[in-house]
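Structure assessment
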Amino acid sequence: MRVLVVEAEELLADMIAAGLRRAAIAVDIVHDGRAAPTALRLGAYDVLVLDRDLPGLPGDEICRQMAEQGLSTRVLMLTAPRTGRARVEAPGPGADDHLTKPFVHEELLARVLALGRRTRPALPQIIERAGVTVDTARRLAVRDGRPLALSHTEFGVLEVLLRAQGAVVSGDELIEEVWEEHTSYRINAVRVALGKLRAKLGDPPVIETVPDAGYRLGDGAGTGGDRPPDCPRDGSGPGPRDSMAQ
């Protein structure tokens, strides 16, 4: 799931993003309403966490523009405390849900996850191929009964490859699904993550590189011959500079 947080208070935006990232959700942050429409057009976000009282462009206007453009992104509107009748009024048109400040993170996370399920079709919780199994709900991964200690990024890459069921997934598609917008050295980040994931999966290799196309999860019968020079078997990656991307 990809989430865009548009919140004027930088500390609050950072706290929201940190909590969502702990749930393995990719998050980008915008503080000014004027930057939100461009980010939404380019980012293919599942959920928008939107401050109603934004500088530059208010949240209600952002919702109106989204409706005009036919964006499928679900909107969780964050509203200031209100009194009297205004307290029970829903936010402006275009918002799917709203949450009044202050709120607890668990409530925000539950609502984001619920909106995300409405954006994307239901997917199987457990996916398996070539002896590799992931349980997406419990964030568990095993190969041939052996538990795998994966980072959020490595788990995300493995999940995308498993869902493809042997089809080729390009580096750009992996970036779109797993990484956040402002990741440095993004293509190298993919190579580093794949190198580490391959090392943890062990032999026989199951992640294949398809030249000029991308990557796929094979049947486990291949060799390491298709591994490019920047993805060595030991998972060390292309070099110290690229480790900054993790």
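Whatever comes next refers back to the structure up there.
Residues numbered from 1 in each chain as written. Predicted model: local features only at pLDDT ≥ 70, side-chain atom pairs only at ≥ 80, totals over all residues. Heavy atoms only, no water.

1. A word on the overall build of the protein chain
The following threshold applies: Put simply, DSSP marks the helices as runs of H or I at least four residues long and the strands as runs of E at least two long, and each gets a number from the N terminus on. Relative accessibility decides the category of a residue: with a 1.4 Å probe and only protein chains considered, values under 20% of the type maximum give buried, values over 50% give exposed, and everything between is partly exposed. Exposure was quantified through the Shrake-Rupley algorithm and a 1.4 Å probe, taking into account, for residues, occlusion by the shown protein chains and nothing else.
When its secondary structure is counted, the protein chain shows 7 helices and 11 strands. With 246 residues in all, the protein chain has 43% of them scored as buried. Surface exposure of the protein chain reaches about 12,300 Å², of which carbon and sulfur atoms provide 53%.

2. Comments concerning the sheet that holds strand E2 (residues 26–30)
What counts is decided by this rule: Only strands that DSSP links by at least two bridges are regarded as paired with each other. Lines fitted to the C-alpha atoms define the axes, with helices restricted to the stretch that makes contact. Angles between their N-to-C directions range from 0 to 180 degrees. Should any heavy atoms of two residues lie within 4.5 Å, those residues are counted as being in contact.
Pairing in this open sheet of 5 strands is parallel, and the strands run E2-E1-E3-E4-E5 from one edge to the other. Looking at which strands have only one partner, the edges of the open sheet turn out to be E2 and strand E5 (97–100). Neighbour to neighbour, the strand axes of the sheet diverge by 20° on average, direction disregarded. Two elements, strand E4 (residues 74–79) and E5, share 4 bridges in a ladder whose sense is parallel. Across the sheet, residue Thr79 finds its bridge partner in E5, namely Thr100. Across the sheet, helix H1 (residues 10–22) is in contact with strand E1 (2–6), E2 and E4; its angle to E2 comes to roughly 170°. Across the sheet, helix H2 (residues 36–43) is in contact with E1, E2 and strand E3 (47–51); its angle to E1 comes to roughly 175°.

3. A look at the nonpolar core
Rules: Put simply, buried Ala, Val, Leu, Ile, Met, Phe, Trp, Tyr and Cys residues joined by side-chain atoms within 4.5 Å make one nonpolar core.
In terms of nonpolar packing, the biggest core is built from 26 residues, with Leu174 and Trp179 touching the most fellow members. Of all elements in the fold, only strand E7 (132–135), helix H5 (152–164), helix H6 (171–178), helix H7 (186–201) and strand E11 (214–217) reach the threshold of two or more residues within this core. Within the second largest apolar cluster, 18 residues are counted, among which are Val3, Val5, Leu20 and Leu109.

4. Topic: H1
This is how it is decided: In this analysis, the expected span of each helix is defined as 1.5 Å times one less than the number of residues it contains.
Between its terminal C-alpha atoms H1 stretches 18 Å, which fits the 18 Å expected from 13 residues at 1.5 Å a residue. Immediately downstream of H1, the backbone of Ala24 shows phi near 65°, a positive value.

5. A few points about unusual backbone geometry
In the segment running from Lys101 into Pro102, the intervening peptide bond is cis, with an omega of -5°. Structurally, Pro102 can be placed in the loop between E5 and helix H4 (105–119). A cis geometry characterises the amide bond from Asp203 onward to Pro204, with omega recorded as -5°. Tracing the chain through its elements places Pro204 in the loop between H7 and strand E10 (207–210). Even without glycine at this site, Asp144 takes up a positive phi of about 50°. One can find Asp144 in the loop between strand E8 (140–143) and strand E9 (146–147). Judged by relative accessible area, Asp144 falls into the exposed class, the value being 62%. The phi dihedral of Asp212 falls on the positive side, at around 60°, and the residue is not glycine. Judged by its relative accessible area of 88%, Asp212 falls in the exposed class.

6. Description of the pattern of salt bridges
To keep it simple, the criterion reads: A pairing counts as a salt bridge when a side-chain nitrogen of Lys or Arg comes within 4 Å of a carboxyl oxygen of Asp or Glu.
Per the stated rule, a full pass over the model turns up 17 salt bridges. Between Glu7 and Lys101 there is a salt bridge; the shortest N-O distance is 3.2 Å. Of this pair, Glu7 sits in the loop between E1 and H1 while Lys101 sits in the loop between E5 and H4, and the two are 94 residues apart along the sequence. Under the relative-accessibility criterion, Glu7 is labelled buried at 0%.

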